[in-house]
Amino acid sequence: MTVEEQIREIMARITHVDGSIITRESTFKDIKADSLDVVQALVAVEETFGIEIPDEEAQKFQSFGDFVSYVENQVAQKERV
Amino acid sequence: MSLEGKLALVTGGGRGIGRAIALKLASQGADIVINFFRRRDTAEQTAKEIEALGAKAEIFRANVGDPAKIDEMFDMIGNKFGHLDILISNAASGVGRPVMDIDVKAWQWTMDINTRACLLCSQRAARLMEGRGGKIVSLSSLGSFLVWPTYAVVGVSKAALEALTRYLAIELAPRGICVNAVAASFVETEALRFYFEEQLGKGNLPITPAGRMVATEDIANVVAFLCSEEAFMIRGQTIIVDGGFSLYNPLFARERKD
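Small disclaimer: the values here were computed from a predicted structure and weren't measured. (Residues numbered from 1 in each chain as written. Chains lettered and ligands numbered in written order. Predicted model: local features only at pLDDT ≥ 70, side-chain atom pairs only at ≥ 80, totals over all residues. Heavy atoms only, no water.)

1. Description of the packing of helix H1 (residues 16-27) of chain B against helix H7 (residues 216-226) of chain B
Residue and element names in this part refer to chain B.
Piece 1. Two elements in contact, H1 and H7, have axes whose closest approach is 8 Å; the angle formed by their N-to-C orientations is 50°. Put simply, H1 runs oblique to H7. Considering only the axes of H1 and H7, their crossing is right-handed. Residues Gly16, Ile17, Ala20, Ile21, Lys24 and Leu25 of H1 touch H7, and the partners they reach there are Thr216, Glu217, Ile219, Ala220, Asn221, Val223 and Ala224. (Axes fitted to C-alpha atoms, helices over the stretch in contact; angles between N-to-C directions. Helix = DSSP H or I, 4+ residues; strand = E, 2+ residues; numbered from the N terminus. Parallel < 35°, antiparallel > 145°, perpendicular 65-115°, else oblique. Left-handed = near helix turned anticlockwise from the far one by under 90°. Contact = heavy atoms within 4.5 Å.)

Below you can see the structure in the form of structure tokens.
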């Protein structure tokens with residue numbers, strides 16, 4: 001599974017929406033994710049990929065795509081180390 | 001330097017009230033383990049300030065709502081220091097909703113962090129205090145008995161925390177551990193702005209009969225007292241630090257205007 005697929009699965013599990021409706025353009029509101037859902041998704045993603053997403057970065061995410069791109073970058077950086 | 005040579009763990013010690021407590025205990029000579037979760041930057045900054053006071057500081061990232069992470073944190077403390085003298089159970093979270101909108105997830109998240117973490121941390125801490133005694137202080141809120149808009153889950157979690165504090169105080173007393181809580185009202189912190197700014201309005205934070213808002217240092221002073229030997233006979237109590245806020249009656253408003 002790609003990073004995006006894994007994050008989509010986590011998001012769908014937390015917000016109880018059908019993962020297929022989550023696109024890169026979806027906002028958290030589109031996915032019906034409230035602030036607690038977002039925090040829980042951050043925690044789950046951090047644990048899945050062994051990364052840390054600072055709050056100041058997470059606050060910049062406007063869409064699911066922003067979230068995925070940030071994690072993709074972190075995972076790529078980690079693999080390079 | 002009454003806490004010279006002591007080791008304290010402050011959960012949620014990177015910012016707000018936890019930070020003020022960490023700095024206060026460090027100023028009295030204690031070395032500090034700062035637990036943080038979402039903000040590494042403020043935890044690192046607080047650690048630097050502690051070191052500038054001449055104490056040792058260690059930071060550890062853990063969501064105290066997750067029992068496995070609590071275990072990891074205490075394993076680290078056990079391996080690195082071998083003991084603990086003071087536990088400040090301060091980390092808190094919460095979901096601001098009216099009772100009709102509280103779902104299982106919001107309830108569980110808040111209870112796990114605000115109440116269960118205190119139990120699990122106290123259990124592990126008590127083992128690290130074996131043979132030396134210790135102090136446990138948890139941070140409560142006036143919302144445990146006053147009703148504030150959208151504060152229900154947090155208020156209930158804090159009421160349970162105060163009850164837990166009483167049980168811990170009695171059951172851990174034979175181990176030489178003093179357990180108490182401190183309940184604050186509106187304290188000038190980031191969390192206050194986050195949860196209440198909408199209701200209070202910007203810049204419209206409540207003052208108290210004492211004439212000003214409660215500051216984080218006011219809370220830290222009382223926590224430090226409860227960690228001192230002078231407070232040895234205080235057990236299982238929740239000390240209110242609110243500048244008289246909870247006793248204030250609207251009837252006094254008229255008097256003030258005159």
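Read on, since the account is not over.
2. Structural notes on the confidence of the model for chain A
Piece 1. Mean pLDDT over chain A works out to 92, with 100% of the residues at or above the 70 mark.
Piece 2. For chain A, per-element mean pLDDT is lowest for helix H3 (residues 55-58) of chain A, which scores 88, and highest for helix H1 (residues 3-15) of chain A, which scores 94. (pLDDT = per-residue confidence, 0-100.)

3. With respect to the packing of aromatic side chains
Piece 1. According to the stated counting rule, one finds 6 aromatic pairs over all chains in the structure shown.
Piece 2. Aromatic pair Phe61(A) and Tyr70(A): ring centres 5.6 Å apart, planes at 50°, arrangement tilted.
Piece 3. For Phe61(A), a relative accessible area of 9% puts it in the buried group.
Piece 4. Accessibility expressed as a relative area gives 15% for Tyr70(A), which makes it buried.
Piece 5. Their ring planes at 85° and their centres at 5.4 Å tell us that Phe186(B) and Phe245(B) sit as a pair that is edge-to-face. In this pair, Phe186(B) sits in the loop between strand S6 (177-184) and helix H6 (190-200) while Phe245(B) sits in the loop between strand S7 (238-241) and helix H8 (251-257), placing the two residues 59 residues apart along the sequence. (Phe/Tyr/Trp six-rings, centres within 6.5 Å; stacked < 30°, edge-to-face > 60°. Buried < 20%, exposed > 50% of the residue type's maximum accessible area, 1.4 Å probe, protein only.)

4. Some details on the nonpolar core
When a protein is soluble and globular, its nonpolar side chains tend to lie buried together.
Piece 1. Membership of the largest hydrophobic core comes to 37 residues, with the highest contact counts inside it found for Leu9(B), Met73(B), Phe74(B), Ile77(B), Leu84(B) and Leu87(B).
Piece 2. Elements that contribute at least two residues to this core include exactly helix H2 (35-49) of chain A together with strand S1 (7-11), helix H3 (67-80), helix H4 (104-128), helix H5 (152-172) and S6 of chain B.
Piece 3. Among the elements that take part in this core, H4(B) stands out by supplying 10 residues, more than any other.
Piece 4. Residues in contact with Leu87(B), not counting those within four places in the same chain, are Leu9(B), Thr11(B), Cys121(B), Ser122(B), Ala125(B), Met129(B), Lys135(B), Ile136(B) and Val137(B).
Piece 5. Counting residues in each nonpolar core, the second largest holds 36 residues, with Ile34(B), Phe36(B), Val214(B) and Val222(B) among its members. (Core = buried A, V, L, I, M, F, W, Y, C linked by side-chain atoms within 4.5 Å.)

5. Considerations on unusual backbone geometry
Piece 1. At Lys32(A), a residue that is not glycine, the phi angle is positive and equals roughly 65°.
Piece 2. For Lys32(A), the position within the fold is in the loop between H1 and H2.
Piece 3. Phi at Thr150(B) is positive, roughly 60°, even though this residue is not glycine.

6. Re the packing of H1(B) against helix H2 (residues 40-52) of chain B
Residues and elements named next belong to chain B.
Piece 1. Taken N-terminus to C-terminus, the directions of H1 and H2 make an angle of 15°; their axes are 9 Å apart at the nearest point. As summarised for this structure, H1 and H2 are arranged roughly parallel, according to the angle between their axes. Along this stretch, H1 crosses H2, giving a crossing that reads as right-handed. Across the interface between the two elements, Arg19, Ala22, Leu23 and Ala26 from H1 touch Thr46, Glu49 and Ile50 from H2.
Piece 2. A per-class count over the contact of H1 with H2 returns 4 nonpolar, 1 polar and 2 charged. (Nonpolar A, V, L, I, M, F, W, Y, C, P; charged D, E, K, R; others polar.)

7. Focus on the sheet that holds strand S4 (residues 86-89) of chain B
Residues and elements named next belong to chain B.
Piece 1. Taken in spatial order, the 7 strands make up an open sheet running S3-S2-S1-S4-S5-S6-S7, and their pairing is parallel. The open sheet has two edge strands with one neighbour each: strand S3 (57-61) and S7. Between one strand axis and the next, the sheet turns by 20° as a mean value, whatever way the strands run.
Piece 2. Bridging between strand S5 (residues 134-141) and S6 involves 8 bridges; their strand directions are parallel. (Pairing = 2+ DSSP bridges.)

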